Amino acid sequence: MPAISANAPGKTIIFGEHAVVYGHPAIAIPVPSIKAQAITLPHIHGQGVVRIIADDIGLDSTLDDLDEKNPLRVVLETLFNHTGIHHPPGFILKINSTIPIASGLGSGAAVSVAVVRSVSQFLGRQLSLEEISTIAYEGEKILHGTPSGIDNTVITYNCPVYFIRNLRIETFKVNHSIHLVIGNTGVPAATVETVGTVRNAWKKKTDHYEEIFSQIGNIAISGKEALIQGNLGYLGALMNQNQVLLRDLGVSSPKLEVLIEAALSAGSLGAKLCGGGGGGNMIALADETNSQHIADELLEAGATSYIITSLTPKTRGEDSI
Ligand code: PMV
């Protein structure tokens, strides 16, 4: 049996993080220049043993030795159950990723999607996109607590998505190129924690938080049209409004605010945190001329790295580091 390699991209959320967990719409796009890769090889003489090697995180373990709540174990066991393969042949699964961990760019979901793709092909099972996404979602439950499913969805479908939890997955293309700069605070922040903080606050002041969530949802609804039409002024204003509401939710951080301010001062039309927040990454809207300038100013303001990415009418999204 040959080695089977599969990839999955990173992602960023343009509108609607956190509110999407509560059933409001959100928009996410893939970021293809960062990716997770999974390679499945036969484990000769492995006698049914599944060995998992992820050098990036210093992991070398058999599947059975992983904690029962390890997302990789959960995803693989879900895949075995789903395919009805209860005694898979031994294999070695090698995982690596260029997506920064715990930084709002979907690293966990991308690893899960790459693993499901690679191992299912190795086992000779052809899965639909919906099946891949559903299996990866089980890993998200461990990583996020109460995930909306937007990360596994955008990463599996690998194109812009307008997403409403348990209701709608709408993929779309833009009519004009949209340029974005993603800046990394270098501060890791676990999504499960920010999602949990928002949930506790929502339990105490439900009406107040519901009001913020529905305002964020309305921004995502308007944002989809602004993205498709390439209405940059409006798009930027909506991103800024979304950031005000994310601040109200308590998921911004001083370093995120510094980077957002730096992007706006450098000429960005709108900027906001992306993903769980509390650290991680922010995104800034650029025009066709100022992406590099914004990126340079982000570094100057303390960003540890940046990604320049574009959505174009032709493609699912092209980008460069
Ligand atoms: O931090 P990330 O990249 O895992 O994104 C999380 C997005 C949230 O809306 C905060 C959670 C979710 O499950 O949708």
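Residues numbered from 1 in each chain as written. Predicted model: local features only at pLDDT ≥ 70, side-chain atom pairs only at ≥ 80, totals over all residues. Heavy atoms only, no water.

So, on to the overall build of the chain. Counting its regular elements, the chain contains nine helices and twelve strands. Taking 20 Å as the expected radius of gyration for a compact globule of 321 residues, we find that the chain reaches 19 Å, a close match to that expectation. Burial statistics for the chain: of 321 residues in total, 56% are counted as buried. When contacts within the chain are restricted to residue pairs at least 6 apart in sequence, long-range pairs at least 24 apart make up 71% of them. Here the chain carries 22 positive and 30 negative side-chain charges, and the mean point of each set is 5 Å from the other. (Helix = DSSP H or I, 4+ residues; strand = E, 2+ residues; numbered from the N terminus. Rg over C-alpha atoms; globule rule 2.2 N^0.38 Å. Buried < 20%, exposed > 50% of the residue type's maximum accessible area, 1.4 Å probe, protein only. Contact = heavy atoms within 4.5 Å. Lys, Arg positive; Asp, Glu negative; His and termini not counted. Charge placed at Lys NZ, Arg CZ, Asp CG, Glu CD.)

Let's shift gears to the pairing of strand β7 (residues 168–171). Sheet topology places strand β6 (residues 161–164) next to β7; four bridges connect them, and they run antiparallel. Paired with Phe163 across the two strands is Ile169, which belongs to β7. Linking two consecutive strands that pair antiparallel, namely β6 and β7, is a turn of three residues; a positive phi of about 60 degrees is found at Asn166 within it. (Pairing = 2+ DSSP bridges.)

Another point: helix α6 (residues 206–229). Taking 1.5 Å of rise per residue, 24 residues should cover 34 Å, and α6 covers 35 Å from first to last C-alpha, within 8% of that figure. For α6, every residue scored as buried is listed here: Tyr209, Ile212, Phe213, Ile216, Gly217, Ile219, Ala220, Gly223, Lys224, Ala226, Leu227 and Ile228. The positive-phi residue at the C-terminal boundary of α6 is Gly230, with phi of around 70 degrees. (Expected span 1.5 Å × (residues − 1).)

Here Gln243 lies in helix α7 (residues 232–249). The exposure class of Gln243 is buried, given its relative accessible area of 1%. With residues near it in sequence (within four places) discarded, Gln243 still touches Ser252, Glu257, Ile260, Ala271, Lys272 and Leu273.

All told, the structure shown has five aromatic pairs when counted by the stated rule. A connected cluster of aromatic rings, assembled from ring pairs, spans Tyr22, Trp202, Tyr209 and Phe213. Its guanidinium or amino end placed over the ring of Tyr162, Lys224 lies 4.9 Å from that ring's centre, counting from NZ or CZ. (Phe/Tyr/Trp six-rings, centres within 6.5 Å; stacked < 30°, edge-to-face > 60°. Lys NZ or Arg CZ within 6 Å of the ring centre and 35° of its normal.)

All told, the structure shown has eight salt bridges when counted by the stated rule. As a salt-bridge pair, Glu77 and Arg73 come within 2.9 Å of each other at their nearest N and O atoms. Placement of the pair is Glu77 and Arg73 together in helix α1 (residues 71–83), with a separation of four residues, close to one helical turn. Among the charged side chains, a network of salt bridges with common partners joins Arg168, Glu170 and Lys224. (Salt bridge = Lys/Arg side-chain N within 4 Å of Asp/Glu carboxyl O.)

Below, the discussion takes up the site of the ligand. Around the ligand lies a shell of 18 residues, among which Lys11, His144, Ser148, Thr191 and Gly276 are the nearest. Within the side chain of Ser148, an N or O atom sits 2.5 Å from an oxygen atom of the ligand. Contact between the ligand and Thr191: an oxygen atom at 2.7 Å from a side-chain N or O atom of the residue. Sorting the residues of the shell around the ligand by element identifies β1 (4–15), α4 (150–157) and α5 (191–204) as the ones contributing at least two each. (Near = heavy atom within 4 Å. Polar contact = N/O pair within 3.5 Å; in protein donor to acceptor, adjacent residues only side chain to side chain.)

Not every positive phi belongs to a glycine, and His18 is a case in point at roughly 70 degrees. One can find His18 in the loop between β1 and β2 (26–42). Residue classification places His18 among the buried residues on the basis of a relative accessible area of 5%. The phi dihedral of Asn166 falls on the positive side, at around 60 degrees, and the residue is not glycine.

Counting through the fold element by element, Gly106 comes out in the loop between β5 (91–97) and α2 (107–122). With 135 residues separating them in the primary sequence, Gly106 and Gln241 have C-alpha atoms 23 Å apart. With residues up to four places along the chain from it excluded, the contact list for Gly106 reads Lys11, Ile99, Asp151 and Ile155.

One way to put it is that α1 packs onto α2 with a least axis distance of 10 Å and a crossing angle of 35 degrees. For the pair α1 and α2, the crossing hand works out as right-handed. Two secondary-structure elements touch here, α1 through Leu72, Val75, Leu76, Leu79 and Phe80 and α2 through Val111, Ser112, Val115, Val116, Val119 and Ser120. Per-class residue counts for the contact of α1 with α2 are nine nonpolar, two polar and no charged. (Axes fitted to C-alpha atoms, helices over the stretch in contact; angles between N-to-C directions. Left-handed = near helix turned anticlockwise from the far one by under 90°. Nonpolar A, V, L, I, M, F, W, Y, C, P; charged D, E, K, R; others polar.)

With that settled, consider the packing of α1 against helix α3 (residues 129–144). Between α1 and α3, the shortest axis-to-axis distance is 8 Å and the interhelical angle comes to 150 degrees. Crossing hand, α1 versus α3: right-handed. Seen from α1, the contacting residues are Pro71, Val74, Val75, Thr78, Leu79 and His82; seen from α3, they are Glu131, Ile135, Ala136, Glu138, Gly139, Ile142 and Leu143. Of the residues contributing to the contact of α1 with α3, the split by class is eight nonpolar, three polar and two charged.

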